[in-house]
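# Descriptive analysis of the structure
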Amino acid sequence: MSSEIERRVENLLATAKGTEVVNNSSGPSSSETKQSLPDSASSKTEASFDDTAAKEKFSIELKNLQDSRKASPNAKAMQSFREKLPAYKVKDEFLKAVRDNQVLVVSGETGCGKTTQLPQFILEEEISNLRGAGCNIICTQPRRISAISVAARIASERGENLGETVGYQIRLEAKRSAQTRLLFCTTGVLLRRLIQEPDLGDVSHLLVDEIHERGLNEDFLIIILRDLLPQRPNLRLILMSATINADLFSKYFGNTPVIHIQGLTFPVVERFLEDILEKTHYKIKSEYDNMHGNSRRRRQQYSRTDPLTEMFEEVDIDSQYKNYSISTRQSLDAWTGVQLDLGLVEATIDHICRNEGDGAILVFLTGWDEISKLLEKIKANAFLGNSSKFLVLPLHGSMPTVNQREIFDRPPSNMRKIVLATNIAESSITIDDVVYVIDCGKAKETSYDALNKLACLLPSWISKASAHQRRGRAGRVQPGVCYRLYPKIVHDAMPQYQLPEILRTPLQELCLNIKSLQLGAVAPFLSKALQPPDALSVQNAIELLKTIGVFDEREELTPLGHHLCTLPLDPNIGKMLIMGSIFQCLDPALTIASALAHRDPFVLPINRKEEADAAKRSFADDSCSDHIALLKAFEAWKDAKRSGRDRAFCWENFLSPITLQMMDDMRNQFFDLLSDIGFVNKAKGIKSYNKYGHDLEMVCAILCAGLYPNVIQCKRRGKRTAFYSKDVGKVDIHPSSVNAGIHLFPLPYMVYSEKVKTTSIYIRDSTNISDYALLLFGGGLTPNKTTGSIEMLGGYLHFSASKSVLQLIQNLRAELDKLLQRKIEVPGLDIYAEGKGVVSAAIELLHSQNVSAMKN
DNA sequence: GAGCACTGC
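Criteria and cut-off values
Residues numbered from 1 in each chain as written. Chains lettered and ligands numbered in written order. Predicted model: local features only at pLDDT ≥ 70, side-chain atom pairs only at ≥ 80, totals over all residues. Heavy atoms only, no water. Helix = DSSP H or I, 4+ residues; strand = E, 2+ residues; numbered from the N terminus. Buried < 20%, exposed > 50% of the residue type's maximum accessible area, 1.4 Å probe, protein only. Contact = heavy atoms within 4.5 Å. Pairing = 2+ DSSP bridges. Axes fitted to C-alpha atoms, helices over the stretch in contact; angles between N-to-C directions. Near = heavy atom within 4 Å. Polar contact = N/O pair within 3.5 Å; in protein donor to acceptor, adjacent residues only side chain to side chain. Parallel < 35°, antiparallel > 145°, perpendicular 65-115°, else oblique. Left-handed = near helix turned anticlockwise from the far one by under 90°. Nonpolar A, V, L, I, M, F, W, Y, C, P; charged D, E, K, R; others polar. Salt bridge = Lys/Arg side-chain N within 4 Å of Asp/Glu carboxyl O. Domains from an automatic or database assignment. Buried area = accessible area lost by both parts, 1.4 Å probe. Core = buried A, V, L, I, M, F, W, Y, C linked by side-chain atoms within 4.5 Å. Disulfide = S-S within 2.5 Å. Lys, Arg positive; Asp, Glu negative; His and termini not counted.

## A few points about the overall build of chain A
- Each helix and strand counted, chain A has 36 helices and 24 strands in total.
- Of all 856 residues assigned to chain A, the portion counted as buried reaches 54%.
- Nonlocal contacts in chain A, meaning residues at least 24 apart in sequence, comprise 74% of its contacts between residues at least 6 apart.

Following this line, the structure appears as C-alpha cells:
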C-alpha cells in the first residue's frame, strides 16, 4: 500500500468513526430484527370458502360442469382411450385404498398411466361426490417440463382449458385459478410453499411422483411428510414410484399398502456384448496395444476403484463363453470396461443400419467428448457418413442443439435418425420414434467426498434401474432392441439402484432449508431420512454455514441466515446477492447469482468450440473473471434484445437464449424477494441500487464476499502460475475458463463457485481478486502475534505488511463489519448516509489494488 | 496442457 493511500484511507476512516461509533450503541434490538423479516412472499391464490353455502354451491357447479363435459363426443373418445390404460383397471381399488389409508404407495411402469390417471381419479371422485370445493389435490413432479405437460394432458382429457380445474405451478410460471382443484407443481415449489404453510392446511390429497428417482427434494419432502401426517389426519398422501423399489417407501411409512400397476410398453429385446460381438464380428483390441499419453493413468485410476471391471477381469473367458466363436472370446478377453470402445459403438450402429428395420437409434454415452468423437467417426465412415441417408444428431445439455426440433421430429422416410445422447435422454428428453437403444452402461455421476470436501463428477457404471429405463426408451412406438455394450454378467452385477442424491451432494442448502422450515436441529432431522447422509457431510455443511455467518455457534440462524431463507439460492450465492444490494452492485449481483444458480448461458457447440471459447474470452476482456464474462454477455444480450437482434446475437456469441431469458426472469424474482426483506425498494427499480455496478473492483469484492471460503492462491512458479486450495492442495483452472492458459495473473487470489474432481481437480469458474478484496470482504481476520501478520481461513492465508497498514486494515474491517451487521439487522438502513466514511475507505482501498501486484 | 452428467426453488 502506498503511503498516500494509507493516509487517505486513514482519514476516511477517522471521519467515519466520528459518526458511526457513537451511533452504534443505539442499534436495534433483536426483536426489531425479527419484525423486519417478511412473513410471506407468495400470494395465496386458492379461494377460501368461509361460507358453507357458497362452498356447496361451488361443489354443485363443479359437478355440473364435469358431467356436461363428460357428455360431449370428444370426451367419450377420450374416455375410451383412458379405459385402455392399465391404471384404469385399478381405479376402484385405488380409490378405496385412498379412502381407507392415509398413505399409499403406487408403483407402475412407464406407460401405465399412473401420473395422468390417478390424480384425475381422485379429482373426478371428489367432484362427483360434491366435495369439489373442499378438495385441493397437489401432485409434485421432479421436473418443470413434466409438471406442465402432465397438467396440459389432463386438462385436455377433461375437455377443459389448462388453468381451470387443472393447473400447474413451476418457478416463475403458473397457470392456475381460484377454480383449480388439481395442481401440478415441481417438488421445489411445494417445499417453498411449506415455509408459509407448514401443515399444508389447504391440501386434501398430495401425490408425490417419481420418488424412485431419489432426488434430493423428494427425499427431503418425504421426511417432512412422515412427521406431518399425524397432525393432518385428513391429508392423504400417495407416493408414486416405478415398480422396483416401492417396498422401500412402504416400509418407511410403516408398511403402508402398495398397489402395483402393469406397464404398457412394447417388448424390447436385450442383446449383450457377447451377442453383439458374434453378430458384428467386431474385434476389440487390448488397451495395452494402443495405450499412450494418460490412458495408462486413467486405466489405473479406474481399475482400482471399479469393482465391476475387476470382477470381469477374474472371469475365465473360455469356460464362461465356450459356445461363442474364438473371435468373440478374444474380444471379451481384451475388453476391460475401463474406457468405451467407440469403434464398437460404430460397428453396432453399422450393424443396425444394415440388418435391422426402420426406426431411430438412440446411443447413450457419458459426455461431450464421447459424443463429439463418435460424431466425427461416423462422419468419416464410408457407409454411415452418407448424410442423405443418416441424420446424426448430438444431444447434450450444454449443446446449442438441445432444443432443436429435428431431435423430436420424424426424419424423411428414406432417412434414419441417429441420436448421440447423454443421460439427458434417460428421463428429461423423450424421443418417441426410437426403436434401437445402444447403451454403453455408464454415466457421469456426481459424488461427494466428505473427507476432502470435494465434489466429484466421474463416469461410473449405471444401476440396473437405469439400464432398465434406458432399455425402455426403445419401446415407445413399437417393439425395439436394446444393445448393451457390456457383458451380461456385468449387467447382473450392477447395483440395483443408484445412490440417492442426498448421499452424493454437498448439503449446505438443504441444511439452510431445514432451519427455514423450523424442523429443529439439522443432524437429528437428517437422521430420519430414508437413507441418512454421512455425519461428516452434515458436519461439513454446518461448518460452512458457520464460516459464512449463516449459522451461529448453536447452529441457529443468524440475522443473515434468516434473510437467506427467503432466497431460493445456495447460501453462498444468496449472500453475494445481499452484499451486492448493500454495496450498490445490485445489477451485476443479480445477473451473476442467476447464472450461478441456474446454468451457464454459454453453450458448447460441437464444431466451433474455438470460436465459442474466443467469444467468451472477449466478454471477459482483461478481467481474468468468468463471472465478469457472464455479466458482460448478459448485458450485451439485453442491449441486443432492446434493438430486436437478440437471436442473431445469441447465435454469434454461442449463448443460449432460453438460459438468458430464464436468468432475466430469475433476476426479477430475486429483486422482488430482496424488496420483501427490505434490502431494496421495488418501486425504485434495480438501477437505484447500482451506483458501483460498473466498478469491476467492487463487483469482484462482492463476488469475494459471496463465494468465500472458495478461495485459491495463485503462486508464481517460474513463467507459470500454480493454484492451491486449503482442502485439497494443488488444483487446476478448468480448460473452459477464461483464466485457462493465462500464465500470470495481476492479483494473488481467485474466488470460485465450483471445484469439481473429474480427470483432475478443476476450478470451473474463477475471478482473480486482490488481497484487499479478501481482507475486507473475505473471512474473519486473525492477527498472528508471533509473525505479526494477519491470517484467514484457519491460518491457510496470511497477509503481511507494515504494522501500521495491518492495523489500519483491521480497524477498517472492524468498522465495515459493524456497519454490515447493522445493515443486516435493519435492512432499510442507508449505509452510505450512516457509514459514508467506512464505505468510501473500503472502496478507496479496493481501487488501490494495482499497487500490490502478485508477490507470491 | 487440454475438458464441459442432470434436475430444482
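After that view, the rundown keeps rolling.
## Topic: the sheet that holds strand S11 (residues 390-395)
- Within the open sheet, the six strands sit side by side as S9-S16-S13-S10-S12-S11. Their pairing is parallel. Each having just a single partner strand, strand S9 (268-271) and S11 make up the two edges of the open sheet. Averaged over neighbouring strand pairs, the angle between their axes works out to 15° when direction is ignored.
- Sheet analysis places S9 next to strand S16 (residues 480-484), joined by four bridges and oriented parallel.

## Details of the protein's contact with DNA strand B
- If you check the shell around DNA strand B, you find 33 residues, and the closest are Arg 144, His 396, Gly 397, Lys 444 and Thr 758.
- Counting only the atoms of DNA strand B that lie within 4 Å of the protein, the sugar and phosphate share comes to 60%.
- Arg 171 places a main-chain nitrogen or oxygen 2.7 Å from a phosphate oxygen of DNA strand B.
- For the surface near DNA strand B, the secondary-structure elements that each account for two or more residues are helix H9 (187-196) and strand S14 (442-449).

## A short note on the packing of helix H27 (residues 586-597) against helix H31 (residues 657-676)
- Put simply, H27 and H31 touch, their axes get as near as 9 Å, and they point 120° apart. By the angle between their axes, H27 is oblique relative to H31. Two packed elements cross with a definite hand, and for H27 against H31 that hand is right-handed. Residues Leu 586, Asp 587, Leu 590, Thr 591, Ala 593, Ser 594, Ala 595 and Ala 597 of H27 form the contact with H31, whose participating residues are Met 663, Met 666, Arg 667, Phe 670, Phe 671 and Leu 674.
- For the contact of H27 with H31, the class distribution of residues is 10 nonpolar, two polar and two charged.

## A few points about unusual backbone geometry
- Residue Tyr 708 is joined to Pro 709 through a cis peptide bond whose omega torsion reads 10°.
- By the secondary structure assignment, Pro 709 is in the loop between helix H32 (696-707) and strand S17 (711-717).
- You will see that Glu 210, though not glycine, has its phi angle at about 60°, which is positive.
- The class of Glu 210 is buried, set by a relative accessible area of 17%.
- One non-glycine residue, His 281, adopts positive backbone phi at about 60°.
- Locating His 281 in the fold gives a position in the loop between helix H12 (273-280) and helix H13 (295-305).

## Considerations on the pattern of salt bridges
- By the definition in use, this model includes 45 salt bridges.
- One salt bridge in this structure joins Lys 57 and Glu 61, with 3.6 Å as the shortest N-O distance. Of this pair, Lys 57 and Glu 61 both sit in helix H3 (residues 52-71), four residues apart, which is roughly one turn of the helix.
- In this structure Lys 57 comes out as exposed when scored by relative accessible area, which is 55%.

## Digging into the domain arrangement of chain A
- Each assigned domain of chain A is listed here: domain 1 (1-36 + 775-856), domain 2 (52-261), domain 3 (268-498) and domain 4 (501-565).
- Relative to domain 4, the C-alpha centre of domain 3 lies at a distance of 39 Å.
- Between domain 3 and domain 4, the residue contacts involve eight residues of the former and eight residues of the latter.
- Between domain 3 and domain 4 the total buried area reaches about 690 Å² when both faces are included, carbon and sulfur atoms providing 54% of it.
- The largest per-residue losses of area from domain 3 upon contact with domain 4 belong to Thr 446, Tyr 448 and Ala 450, which jointly make up 64% of the total buried on that side.
- There are zero salt bridges connecting domain 3 and domain 4.
- Viewed at the interface, domain 4 and domain 3 are joined by three residue pairs in polar contact (both at pLDDT 80 or more).
- For the side of domain 3 that touches domain 4, the per-class residue count stands at three nonpolar, three polar and two charged.

## Re the packing of helix H26 (residues 571-582) against H27
- Running from N to C, H26 and H27 point in directions that differ by 170°, and their axes come no closer than 8 Å. With respect to H27, the axis of H26 lies roughly antiparallel. Seen from H26, the contacting residues are Ile 573, Met 576, Leu 577, Gly 580 and Ser 581; seen from H27, they are Leu 586, Ala 589, Leu 590, Ile 592, Ala 593, Leu 596 and Ala 597.
- Partitioned by chemical class, the residues of the contact of H26 with H27 number 10 nonpolar, two polar and no charged.

## Things to note about the nonpolar core
- Ranked by internal contacts, the top residues of the largest apolar core, which has 146 residues, are Leu 206, Leu 239, Phe 583, Leu 774 and Phe 777.
- Formed by 48 residues, the second largest nonpolar core is a distinct cluster that contains Leu 273, Val 315, Trp 368 and Leu 374.

## Thoughts on the environment of Glu 555
- Mapped onto the elements of the fold, Glu 555 is located in the loop between helix H24 (535-547) and helix H25 (559-565).
- Expressed as a C-alpha distance, the spacing of Glu 555 and Ile 542, which sit 13 residues apart in the sequence, is 7.3 Å.
- Apart from the residues lying within four places of it in its own chain, the contact partners of Glu 555 are Lys 515, Ile 542 and Lys 546.

## Focus: the sheet that holds strand S22 (residues 782-783)
- Ordered in space as S22-S23-S24, the three strands form an open sheet in which the pairing is antiparallel. For this open sheet the edge positions go to S22 and strand S24 (797-799), each flanked by a neighbour on one side alone.

## Things to note about the state of the cysteines
- In this structure the tally under the stated criterion is zero disulfides.
- Here Cys 700 is not disulfide-linked; the sulfur of Cys 704 is the nearest cysteine sulfur, at 9.3 Å.
- Residue classification places Cys 700 among the buried residues on the basis of a relative accessible area of 12%.

## Notes on the side chain of Lys 575
- Topologically, Lys 575 is positioned in helix H26.
- Buried and without a salt bridge, Lys 575 has Asp 817 as its closest oppositely charged side chain, separated by 8.4 Å.

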